[in-house]
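If you want the building blocks of each chain, they are given just below.
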Amino acid sequence: MSEKQISLPAKLINGGVAGIIGVTCVFPIDLTKTRLQNQRNGQQIYRSILDCLVKTLRSEGYFGMYRGAAVNLTLVTPEKAIKLAANDFFRQHLAKTGKGLTLSKEMLAGCGAGTCQVIITTPMEMLKIQLQDAGRLVSLQKNIGGMQCLHSGPKHLAAIPVLTRAYNVGPASSSRPMSATHIAAKLLRTDGIGGLYKGLGATILRDVPFSIIYFPLFSHLNKLGQASSGERAPFFHSFLSGCLAGSISAVCVNPCDVIKTRLQSLQRGVHEENYRGIVDCARSIWQKEGPFAFLKGAGCRALLIAPLFGIAQVVYFVGIGEAIIDFAQYSRFSP
């Protein structure tokens, strides 16, 4: 993040704390992004970001806007730990003695970090998307008014009914609410560990380019605020650099995020097709919804990523990880 030297344990603590705080603050925007990206032409329930937030709040309540947050909060710390540790590892091994990294090597280090990150990111996103999109499917079912609104494709889809709340009416209301644990258990029984890694290729296509763009871009933007080599940039400059680099990177990879979201959605509404892979998904979206469909949720992603990295800068600036480590060491050696 910022240019000051931070020990790896402190960096992992800072990354985990930043991730937990960030997810808690911006998760409703992430839920909105998922629902907007899963909408097809002719079956649009939400007209905009604000419309989606208002309708979700009215129909599902405040806590309905945090469906799937538990998965993120549980796995965000190991995800950030892997990403930060991997980026540091690759940067150290690519750096020459006494010389800084070239832009190509910075991008290569980011590529390595993004590749390692998907070990945690893919199952986390897979489970989160099922929970986030459930409200859209229930609303779509109620609008159409038919029992066949939802259909199954692969063998495990029928085993995962839509999440419901007490206010839902009609046939779907008999389905008991599902949890991430229940979904994960059914996927493991039917498809094994591979079920949790559905959409792995699309996740790699999103996360690797994101890291390739973000880490070098933030580094160079942050250096513009340094008065001289070796000095830290002012906090506000680092904060804005993180927000800007994160937003640009998020928008650049949004088409890959749309594809990933579609591939990882197990339940679909009527006339919402299944895809055979990345190429088939991209071709189908282009032909049936047009090129602008790949920008669905782009505004949400920009609004989502900017605060996440801004919050991370605050955590790093305050030095929460260093404070925790110093306190632990003090407690250990104090009489």
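Computed from a predicted model, the values in this text were never measured in an experiment.

## Quick word on the packing of helix H1 (residues 8-38) against helix H3 (residues 69-94)
Item 1. At a minimum axis distance of 8 Å, the contact between H1 and H3 shows a crossing angle of 140°. Judged by the inter-axis angle, H1 sits oblique to H3. In this structure, the crossing between H1 and H3 has a hand that is right-handed. Contacts between H1 and H3 involve Leu8, Lys11, Leu12, Gly15, Gly16, Gly19, Ile20, Val23, Thr24, Phe27 and Asp30 from the first element and Ala69, Asn72, Leu73, Val76, Thr77, Lys80, Ala81, Leu84, Ala85 and Asp88 from the second.

## Some details on the pattern of salt bridges
Where side chains of opposite charge bring their charged atoms close, a pairing between them can arise.
Item 1. Evaluated as defined, the whole model comprises 17 salt bridges.
Item 2. In this structure, the salt-bridge partner of Lys33 is Asp257, at a minimum N-O distance of 2.9 Å. Of this pair, Lys33 sits in helix H1 while Asp257 sits in helix H8 (residues 254-264), placing them 224 residues apart in sequence. Accessibility assignment for this pair places Lys33 and Asp257 in one class, buried.
Item 3. Close ionic contact of Lys260 with Glu125 constitutes a salt bridge, the shortest N to O distance being 2.8 Å. In this pair, Lys260 sits in helix H8 while Glu125 sits in helix H4 (residues 103-144), placing the two residues 135 residues apart along the sequence.
Item 4. The class for Lys260 is buried, based on a relative accessible area of 0%.
Item 5. Because the salt bridges share partners, they merge into one network encompassing Asp30, Lys33, Glu125, Lys128, Arg206, Asp207, Asp257, Lys260 and Arg301.

Parameters at a glance
Residues numbered from 1 in each chain as written. Predicted model: local features only at pLDDT ≥ 70, side-chain atom pairs only at ≥ 80, totals over all residues. Heavy atoms only, no water. Axes fitted to C-alpha atoms, helices over the stretch in contact; angles between N-to-C directions. Helix = DSSP H or I, 4+ residues; strand = E, 2+ residues; numbered from the N terminus. Parallel < 35°, antiparallel > 145°, perpendicular 65-115°, else oblique. Left-handed = near helix turned anticlockwise from the far one by under 90°. Contact = heavy atoms within 4.5 Å. Salt bridge = Lys/Arg side-chain N within 4 Å of Asp/Glu carboxyl O. Buried < 20%, exposed > 50% of the residue type's maximum accessible area, 1.4 Å probe, protein only.

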